[in-house]
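# A look at the structure
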Amino acid sequence: MTGKPSVLFVCVHNAGRSQMAAAFLTTLSHGGIEVRSAGSQPAEKVNPSAVEAMAEVGIDMSAEIPKVLTTEAVKESDVVITMGCGDECPYFPGKRYEDWVLEDPAGKGVDSVRPIRDEIKTRVEALIASLIPASA
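Small disclaimer: the values here were computed from a predicted structure and weren't measured. Within each chain, residue numbers correspond to sequence positions counted from 1 in written order. Totals for whole chains, interfaces and linings use all residues, but because this is a predicted model, local features are given only for residues with pLDDT of at least 70 and pairs of side-chain atoms are given and counted only at 80 or more. Calculated side-chain values reflect all of the structure's heavy atoms, with hydrogen atoms and water omitted.

### Regarding the layout of surface pockets
Using the following cut-off: Note on definitions: the grid is 1 Å and covers protein atoms alone; a cavity is a set of points where a 1.4 Å probe fits but cannot get out; a pocket is an open set with protein on both sides within 12 Å along at least five of seven lines; lining residues have an atom within 4 Å of a point. Grid points are joined across faces, edges and corners, and a volume is the space filled by probe spheres set on the points. Here the term charged refers only to Asp, Glu, Lys and Arg, the term nonpolar to Ala, Val, Leu, Ile, Met, Phe, Trp, Tyr, Cys and Pro, and the term polar to all other amino acids, Gly among them. Runs of H or I in DSSP of at least four residues are treated as helices and runs of E of at least two as strands, each being numbered from the N terminus.
Counted as a void, the largest pocket has a volume near 190 Å³. Taken together, the residues of the lining of the largest pocket break down into 8 nonpolar, 4 polar and 3 charged. In this structure, the second largest pocket occupies an estimated 160 Å³ of space. Breaking the lining of the second largest pocket down by element, the ones donating at least two residues are α1 (17-28) and β2 (34-38). Take the lining of the second largest pocket: its biggest share by element is 5 residues, from α1. In terms of residue class, the lining of the second largest pocket is built from 5 nonpolar, 4 polar and 4 charged.

### Things to note about the packing of helix α2 (residues 48-55) against helix α4 (residues 110-131)
Selection criterion: Here an axis means a line fitted to C-alpha atoms, over the contact stretch when the element is a helix, while the angle between two N-to-C directions is reported on a 0 to 180 degree scale. Rotating anticlockwise by less than a right angle from the far helix to the near helix defines a left-handed crossing, while the corresponding clockwise rotation defines a right-handed one. It only takes one pair of heavy atoms within 4.5 Å for two residues to be counted as in contact.
The geometry of α2 relative to α4 is characterised by a closest axis approach of 9 Å and an angle of 65° between their N-to-C directions. The hand of the α2/α4 crossing is right-handed. Of the residues in α4, those in contact with S49, A50, E52, A53 and M54 of α2 are V110, V113 and R117. When its residues are assigned to classes, the contact of α2 with α4 shows 5 nonpolar, 1 polar and 2 charged.

### Quick word on the confidence of the model for the chain
Operational definition: The quantity known as pLDDT measures the predictor's confidence residue by residue, on a range of 0 to 100.
The share of residues in the chain with pLDDT of 70 or more is 93%, and the mean pLDDT across the chain is 92. Summarising per-element confidence for the chain, the mean pLDDT is lowest in strand β4 (residues 96-99) (92) and highest in α2 (98).

### Considering the side chain of R117
Spelled out, the test is: Residue burial is assigned from relative accessible area. The probe radius is 1.4 Å, only protein chains are included, and a residue is buried under 20% of its type maximum, exposed over 50%, and partly exposed in between. Two N or O atoms count as a polar contact when they lie within 3.5 Å, although within protein this holds only if one can serve as hydrogen donor and the other as acceptor, and sequence-adjacent residues are included solely when both atoms are side-chain atoms.
Position of R117 relative to the elements: it lies in helix α4. When its relative accessible area of 6% is taken as the criterion, R117 is described as buried. Polar contacts involving the side chain of R117 include one to the side chain of D118, which spans 2.9 Å. Not counting chain neighbours up to four residues away, the residues in contact with R117 comprise M20, F24, A53, M54, E56 and V57.

### Remarks on the sheet that holds β4
Strand pairing in a sheet takes place through backbone hydrogen bonds and is either antiparallel or parallel in direction. Inclusion rule: Here, a strand pair is defined by DSSP locating no fewer than two bridges between the strands.
Strand order in the open sheet formed by 4 strands is β2-β1-β3-β4, and the pairing between neighbours is parallel. Edge positions in the sheet fall to β2 and β4, since each of these pairs with one other strand and no more. When the angles between neighbouring strand axes are averaged without regard to direction, this sheet yields 15°. Relative to β2, strand β1 (residues 6-10) runs parallel, the two sharing 5 bridges. Following the sheet pairing, F9 is matched in β2 by S37. On top of the sheet, α1 reaches β1 and β2; it is set at about 170° to β2, its chief contact.

### What about the pattern of salt bridges?
What counts, and what does not: The working definition used for a salt bridge is a side-chain nitrogen of Lys or Arg within 4 Å of a carboxyl oxygen of Asp or Glu.
Summed over the entire model, instances satisfying the criterion amount to 11 salt bridges. Between K108 and E103 there is a salt bridge whose closest N-O contact spans 3.4 Å. One network of salt bridges, with partners in common, ties together E56, D111, R114, R117 and D118.

### Points about the nonpolar core
The following threshold applies: For the purposes of this section, nonpolar cores are sets of buried Ala, Val, Leu, Ile, Met, Phe, Trp, Tyr and Cys residues that join through side-chain atoms within 4.5 Å.
Among the nonpolar cores identified, the biggest contains 30 residues, and V7, F9, M61, W100, V124 and L127 are the most heavily contacted of them. Where this core is concerned, the elements lending two or more residues are β1, α1, α2, β3 (79-82) and α4. Broken down by element, this core gets its largest block of residues, 8 residues, from α4. Ranked by size, the runner-up nonpolar core spans 8 residues in total, among them A38, V74, V80 and C89.

In structure tokens, the structure reads:
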């Protein structure tokens, strides 16, 4: 990787897990990482329970819109993270691929989404530490 690292989060509908991960990475990296999210079958809107759970920790996802996964998005990303939903991503040598197995928040209320949100935050913090060297 040269310059600012870039990360793509992928799940089928791009409405819950990948949106929360992208929002956490955008917020917690303070612009130090380029962030994308997409899905192979994007939903019409972001999961309202995910939006509510993120608002509880001060992150507004209400304006986000699910996006379709493109080969270009994968090509332009240094790290591609799928969200344990069996999604297929184009493969390009030299990229870092990870699969985060996370419960799907689809159809769940905010009480059930909070633990998923908290697990995503923990994983995003570890991702940031692996991509951005700690300042001296």
